[in-house]
Amino acid sequence: MFKSFKIFYAFLRKDFLIAYSYRTNFFISVITVFFLLFILSNLSKLTLNNEIFGDFKGNSFGYFVIGLAIIDLAMTISSRGAAQARELQLTGVFEELLLFRRSNAELMVSLFIYPTVFALFRFFLILIFGVIFFDLQINNLGNFALLMLVMSLSIISFVGIGLISAFFIIILKKGDFVNSINLILCIGFGNIIFPSEIVDTQLSQISYFLPITHSVELLRELLIGSISTESISTNLTYLIGLSFSFIGIGIISCLYAIKFAKIKGSLGEF
Amino acid sequence: MLIEVNNISKKFDLPKFKLSSKENSFISVIDNFSMDIDSKDFICLVGNNGSGKTTLLKILADLITQDEGSIGRNGKISFVSTNERSFFWRLSVKENLRFFSSLANNKVSILDDDLINILGIDKFLEKRFMNLSSGQKKRVMIARSLISEADIFLFDEITNSLDESSRKQIIDFIYEDIFLKKNKAIVWATHSPHEINNKYNKLIDLNKENRNV
């Protein structure tokens, strides 16, 4: 366990130092958070008191902000982690990593450590900027333990989706389409900017299989809503099931991909 | 015996450029090849371009799986290629070596090893990798290969693109410090065996071994 943390720390340090060497990019990403919130605050004026937001009809800004924060978290983790797999393969570092005979699962998960830390930074930045500059009302911070549980399960599932994307990168050398499909499904059915119930087709059932649906509902209840025990236990059960399913599928598929690439001799191809 | 290779073969699929083509075409790179590597071996692996040197070294390093035959490995293996991109170019040499050291289970960091001074890396430890010369990059590659404290070192044409003086320094370091002092086995893949004249004790000519290439 300690050895795994040593590897995770090494990846975190290395990725932080590389990101730090592109400081302008970092400051631009902070500024974009402010402008996204500015756009949402104006958009929410158009949708205020709209019945489709149910319990949040008087607080559509809060509804949007939590949606933005969680989709930013999901996409940053899954796409940046998978992009790192592509970059390491492109440069040949991936082969070098395998030469050290570490657990392949450990190496694959390590790719997502810095993206997760960076995504969490942006997540809290969105909430803090929302509170300071746009009067976002957060009223339930007393449920800190539950909040941490929901965040942890959400992160596990987003890493799982990123690993599935990395699987396609190792096998097909491109995996961006997994994140593109994920983004479309999340926006369309994940309760991010509108409740999935208004999608008047059987397709709305997709929302149950998206971890983000349950993450965003739980976070809205925990941070800006009134907590209903029944709703929390249902969403939490779904989120636990989906998190472990996605991380399991992600790790197993990546292990298979490495084995497949060794047989094909395509580890160093891109 | 550190490595025992028995009758291995490797074929690669060739990409199809015509959508209508249904036939699978492939190229045989290694065919029914056997070799042994002992702890006191300095093996010179000679072959033309495309003769299968890199494929064979990658099979030995377990980066490619052979189609047929078996390989017995009894020791840690380090593989050094010519790929300069396999470092983090925006990080310093020190940060690169620190990162790769974290992956190994060694108690002593490569940064504390005297070999860093012998290789002359101490003079440019704080420099970004992208700002190094080709010769300096090769030295850092060799330093990285020493991190895992391997029993056998596979060098894949690492002196390519080096001037005569750098080439001699690197070959002398590998022969004297890694092979003679540390008693590690070496496999040296090259086009021209005369660059390591009088140093190797076995010569394997892949042009002759894989006659159907």
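Residues numbered from 1 in each chain as written. Chains lettered and ligands numbered in written order. Predicted model: local features only at pLDDT ≥ 70, side-chain atom pairs only at ≥ 80, totals over all residues. Heavy atoms only, no water.

Draft legend 1. Molecular detail of the interface of chain B and chain A. Listed as interface residues are 30 residues of chain B and, on the opposing side, 29 residues of chain A. Contact with chain A buries surface across chain B, with L63, R90 and L103 of chain B losing the most and accounting together for 24% of the total. Here chain B and chain A share 5 salt bridges between them. Close ionic contact of E96 of chain A with R144 of chain B constitutes a salt bridge, the shortest N to O distance being 3.2 Å. There are 13 residue pairs in polar contact (both at pLDDT 80 or more) connecting chain B and chain A. Only strand 1 (3-13), strand 5 (77-80), helix 2 (93-103) and helix 4 (134-147) of chain B provide two or more residues apiece to the side of chain B that touches chain A. In terms of residue count, the dominant contributor to the side of chain B that touches chain A is helix 2 of chain B (6 residues). Of the residues assigned to the side of chain B that touches chain A, the class counts are 14 nonpolar, 6 polar and 10 charged. (Contact = heavy atoms within 4.5 Å. Buried area = accessible area lost by both parts, 1.4 Å probe. Salt bridge = Lys/Arg side-chain N within 4 Å of Asp/Glu carboxyl O. Polar contact = N/O pair within 3.5 Å; in protein donor to acceptor, adjacent residues only side chain to side chain. Helix = DSSP H or I, 4+ residues; strand = E, 2+ residues; numbered from the N terminus. Nonpolar A, V, L, I, M, F, W, Y, C, P; charged D, E, K, R; others polar.)

Draft legend 2. Seen up close, the sheet that holds strand 8 (residues 202-205) of chain B. Residue and element names in this part refer to chain B. Spatial strand order, 5-6-7-3-8: 5 strands in an open sheet with parallel pairing. Looking along the sheet, the strands with just one partner apiece sit at the ends: strand 5 and strand 8. Taking each pair of neighbouring strands and ignoring which way they run, the sheet shows an average axis angle of 15°. In this structure, strand 6 (residues 152-156) lies alongside strand 7 (residues 185-190), joined through 5 bridges in parallel fashion. (Pairing = 2+ DSSP bridges. Axes fitted to C-alpha atoms, helices over the stretch in contact; angles between N-to-C directions.)

Draft legend 3. Structural view of the pairing of strand 3 (residues 42-46) of chain B. Where burial is concerned, most of strand 3 of chain B is hidden: 5 out of the 5 residues are buried. Residues F42, C44 and V46 of chain B line one face of strand 3 of chain B and the alternating positions I43 and L45 of chain B line the opposite face, and both faces are buried. (Buried < 20%, exposed > 50% of the residue type's maximum accessible area, 1.4 Å probe, protein only.)

Draft legend 4. The arrangement of empty space enclosed by the protein in detail. Taken as a whole and judged by the stated rule, the model has 2 cavities of 30 Å³ or more. Looking at the largest cavity, the residues that line it are E96, L99 and F100 of chain A together with I77, S78, F79, V80, M141, R144, S145 and S148 of chain B. The element best represented in the lining of the largest cavity is strand 5 of chain B, accounting for 4 residues. Of the pockets and cavities examined, the second largest cavity occupies roughly 30 Å³. If you go around the second largest cavity, the residues you meet are A74, F158, I161, N182, C186, L210, P211 and I212 of chain A. Here the lining of the second largest cavity is built from residues that sort into 7 nonpolar, 1 polar and no charged. (1 Å grid on protein atoms, 1.4 Å probe; cavity = no way out; pocket = protein on both sides within 12 Å on 5 of 7 lines; lining within 4 Å. Points joined across faces, edges and corners; volume = space filled by probe spheres on them.)

Draft legend 5. How the structure looks around the sheet that holds strand 2 (residues 26-37) of chain B. Residues and elements named next belong to chain B. Pairing in this open sheet of 3 strands is antiparallel, and the strands run 2-1-4 from one edge to the other. Looking at which strands have only one partner, the edges of the open sheet turn out to be strand 2 and strand 4 (68-73). In this sheet, neighbouring strand axes are inclined to one another by 25° on average, regardless of whether the strands run parallel or antiparallel. Pairing of strand 1 with strand 4, which is carried by 5 bridges, proceeds in the antiparallel orientation. When the bridges of strand 4 are listed, E4 appears paired with G72.

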